[in-house]
Amino acid sequence: MTKGDTEYQFLLESSKETKEKIKRPNKSLLLAVCAACIGGTFQYGYNISIINAPTKSVQNFINQTWLERYDEDISEQYLTLLWSNIVSIFTIGGFIGATIGGTLAIRFGRKGTLMMNNAFALLAALLMGLSYPTGLFELLIVGRFFTGVNAGIGICVQPLYLGEIAPRALRGAMAMGTSIFITGGILTGQVIGLKELLGKEEHWPILLCTTCIPAFLQLLILPWFPESPRYLLIDRGDDVGCRKGMLQSHDMERERVSAIGIKPKKPWQLFMDRSLRWQVLTIILLNAAQQLNGINAIYFYTDYVFEEAGIPDVNIPYVTVGTGACECLTALTCGMLIETLGRKVLIIGGYTLMAFWCICFTLTLTFQGAGVWMPYLSMGCVFAFILSFGLGPGGVTNILTTELFTQTSRPAAYMIGGSVNWLSFFVIGMVFPFIVTKLQQYCFLVFLVISVLVAVYIFLVVPETKNKTFLEIHTEFQSGDKRKASKAVYLLPQSQMNSGEAFLCVLCAV
């Protein structure tokens, strides 16, 4: 079968939505998800977790290199600073990748941008692999920066691609590929980083180079799948390309007609468009909350959390693998439930459960000495927290970014959401150690407050998007209830506002 035949088969099968309600993805759609995700959000999850295993090995390399250069040992403070730069530069690269991802997706297409993005991963693998033989630890910083750029572009463009190729009835399930592959990447990095595999000190250069493997796989597989039909029809006006193997859906045609004469919007234009203010506010809050709800604090500081829970040091790497497996399993479960229960139920339920487990974990840490079983109860709370995150916020956030915007606004929305996500990622990495120092076992109460506020906001503002077209969702945001809420925010005296309107007023003021 030729590449053209594969594209034809994919588009023909995906067009069956116009004839019958699709119950589950067919083989071509599943392969398209795998092809897009393996070099996209898989890299994001993989590079978050892969850096934890070689911490001491890389620090020893930096110290040895410093000694050879300057005939003295590096100071503890400067070594910590260099290591912090190696870890945190990933988030800076991710922020830059997110800010340019939407622009690249408009200019080169969704598929084309994903293909080009692999160059950053290959360059990063080369630089980090050369750091040890050349004795240049600075290459690790540059390499981690490029892995961040790769992850930032991937987490911006890949959900965009999946959301646009998916049939409406399967949009949520297919978009769950984003979170499934993020968690799969985290789990894979944790497993490969074990001492039984590449976690030994002499193997750390090979371990950091493995980021090139997903890039090579995507370069081999993704060319066999087509560009986003929505991009070809609505952005490029390429009727022939869109119709090549696909029956054009009525929903897509309506969206194309509504976008005639409208160019893709820039991020700042979304902020100035009053018809999109609730959508923009929603993606900002959801993307910030996705990082500030405590999940990445657990992954960044897993050793600390489990040490406080009383888990023996020798067992911590295996418990950490268990957390990755737990989140991956929950992402798969969410993918099976999302088209049945809907987005709103899952994300509100997820944040509510996370708030509950924050309370439980704080109590178990407070009464740590009450019995020998208490540390394991604390560990159970951590696993339950991760399960709750994967059930809702971990999977649904990226889907909503796709569904709340139409074609001309969607790339800019991903740039805004991605930038907020990466900035929040950086902030939690910098601030969490100070929160731990000041609040100790009460640190998770901060995440409790965030989870509760976000759950209330979603309940009041965000509509259910399951099985609706992008235009229908956009129209629902302009419906009478939302207009009344908007007027209440600006026109009602404070004494006449009910609690929901007052809450919306506070959000708008912020």
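Residues numbered from 1 in each chain as written. Predicted model: local features only at pLDDT ≥ 70, side-chain atom pairs only at ≥ 80, totals over all residues. Heavy atoms only, no water.

In the nomenclature of an unreviewed UniProt entry, the chain corresponds to Solute carrier family 2, facilitated glucose transporter member 5 from the organism Oncorhynchus tshawytscha. We quote the UniProt Sequence similarities (unreviewed entry) comment for the chain here in full: "Belongs to the major facilitator superfamily. Sugar transporter (TC 2.A.1.1) family. Glucose transporter subfamily." Check the Catalytic activity (unreviewed entry) section of the UniProt entry for the chain; it says "D-fructose(out) = D-fructose(in)". (UniProt positions renumbered as here; feature names shortened; annotations may be inferred.)

1. Concerning the overall build of the chain
Looking only at helices and strands, the chain features 27 helices and zero strands. Considering only contacts within the chain whose residues lie at least 6 apart along the sequence, 82% involve residues at least 24 apart. For the chain, the computed accessible surface area is about 21,700 Å², with 66% contributed by carbon and sulfur atoms. (Helix = DSSP H or I, 4+ residues; strand = E, 2+ residues; numbered from the N terminus. Contact = heavy atoms within 4.5 Å. Areas by Shrake-Rupley, 256 points an atom, 1.4 Å probe, with all protein chains shown as cover.)

2. Section: the packing of helix 9 (residues 177–192) against helix 19 (residues 316–341)
It is the contact of helix 9 with helix 19, at a shortest axis distance of 8 Å, that shows an interaxial angle of 160°. Considering their axes alone, helix 9 and helix 19 lie roughly antiparallel with respect to each other. Our pair here, helix 9 against helix 19, has a crossing hand that is left-handed. On the side of helix 9, the interface is formed by Ser179, Ile180, Thr183, Gly184, Ile186, Leu187, Gln190 and Val191, while helix 19 contributes Thr320, Val321, Thr323, Gly324, Ala325, Glu327, Cys328, Ala331 and Leu332. (Axes fitted to C-alpha atoms, helices over the stretch in contact; angles between N-to-C directions. Parallel < 35°, antiparallel > 145°, perpendicular 65-115°, else oblique. Left-handed = near helix turned anticlockwise from the far one by under 90°.)

3. Re the environment of Thr210
Inspection of the secondary structure puts Thr210 in the loop between helix 10 (204–209) and helix 11 (212–221). Put simply, Thr210 and Leu126 are 84 residues apart on the chain and 10.0 Å apart in space, counted from C-alpha to C-alpha. Sequence-distant contacts of Thr210, defined by excluding residues within four places in its chain, comprise Tyr46 and Leu198. At 2.4 Å, the side chain of Thr210 forms a polar contact with the side chain of Tyr46. (Polar contact = N/O pair within 3.5 Å; in protein donor to acceptor, adjacent residues only side chain to side chain.)

4. Here's the deal with the confidence of the model for the chain
Model confidence for the chain is summarised by a mean pLDDT of 78, while 79% of its residues fall at 70 or above. Every residue in residues 10–22 scores below 50 in pLDDT, and together they form 30 contacts with partners more than four places removed in sequence or on other chains. Scored below 50 in pLDDT, residues 480–510 shows 33 contacts in the model against residues more than four places distant or in partner chains. (pLDDT = per-residue confidence, 0-100.)

5. Some words on the pattern of salt bridges
Pairing between side chains becomes possible if they bear opposite charge and their charged atoms approach one another. Tallying each qualifying case throughout the model produces two salt bridges. Of the charged contacts, one joins Glu138 and Arg69 as a salt bridge, the two residues approaching to 2.9 Å between their closest N and O atoms. Linking Glu138 in helix 7 (residues 138–165) with Arg69 in helix 4 (residues 55–70), this pair joins segments that are 69 residues apart in sequence. Residue Glu138 is classed as partly exposed on the basis of its relative accessible area of 32%. Its salt-bridge partner being Arg343, residue Glu403 comes within 2.5 Å of it at the nearest N-O pair. With a gap of 60 residues between them, Glu403 in helix 22 (residues 393–403) and Arg343 in helix 20 (residues 343–366) connect regions that are remote in the sequence. Both residues of the pair, Glu403 and Arg343, belong to the buried class. (Salt bridge = Lys/Arg side-chain N within 4 Å of Asp/Glu carboxyl O. Buried < 20%, exposed > 50% of the residue type's maximum accessible area, 1.4 Å probe, protein only.)

6. Digging into unusual backbone geometry
Backbone geometry places Asp71, a non-glycine residue, at a positive phi of 60°. Residue position: Asp71 is located in the loop between helix 4 and helix 5 (76–108). Given the relative accessible area of 67%, Asp71 is considered exposed.

7. Digging into the packing of aromatic side chains
Evaluated as defined, the whole model comprises 13 aromatic pairs. Seen from their ring centres, Tyr44 and Trp422 are 5.3 Å apart, and the 90° between their planes marks the pair as edge-to-face. Of the two residues, Tyr44 is situated in helix 3 (residues 41–49) and Trp422 in helix 23 (residues 410–439); the sequence distance between them amounts to 378 residues. When sorted by exposure, Tyr44 lands in the same class as Trp422, which is buried. Taken together through their ring pairs, the aromatic side chains of Tyr44, Phe90, Trp422 and Phe425 make up a single cluster. Above the ring of Phe459, the side-chain terminus of Lys344 is found at 6.0 Å from the ring centroid. (Phe/Tyr/Trp six-rings, centres within 6.5 Å; stacked < 30°, edge-to-face > 60°. Lys NZ or Arg CZ within 6 Å of the ring centre and 35° of its normal.)

8. Considerations on the environment of Ile155
With respect to the helices and strands, Ile155 occurs in helix 7. Through-space distance from the C-alpha of Ile155 to that of Tyr414 is 8.9 Å; in sequence the pair is 259 residues apart. Those residues in contact with Ile155 that sit more than four places away from it in its chain are Thr41, Tyr44, Ile182, Tyr414 and Trp422.

9. Re helix 3
Burial analysis of helix 3 places nine of its nine residues in the buried class, the great majority of the element. Looking at helix 3, one finds that the buried residues are Thr41, Phe42, Gln43, Tyr44, Gly45, Tyr46, Asn47, Ile48 and Ser49.

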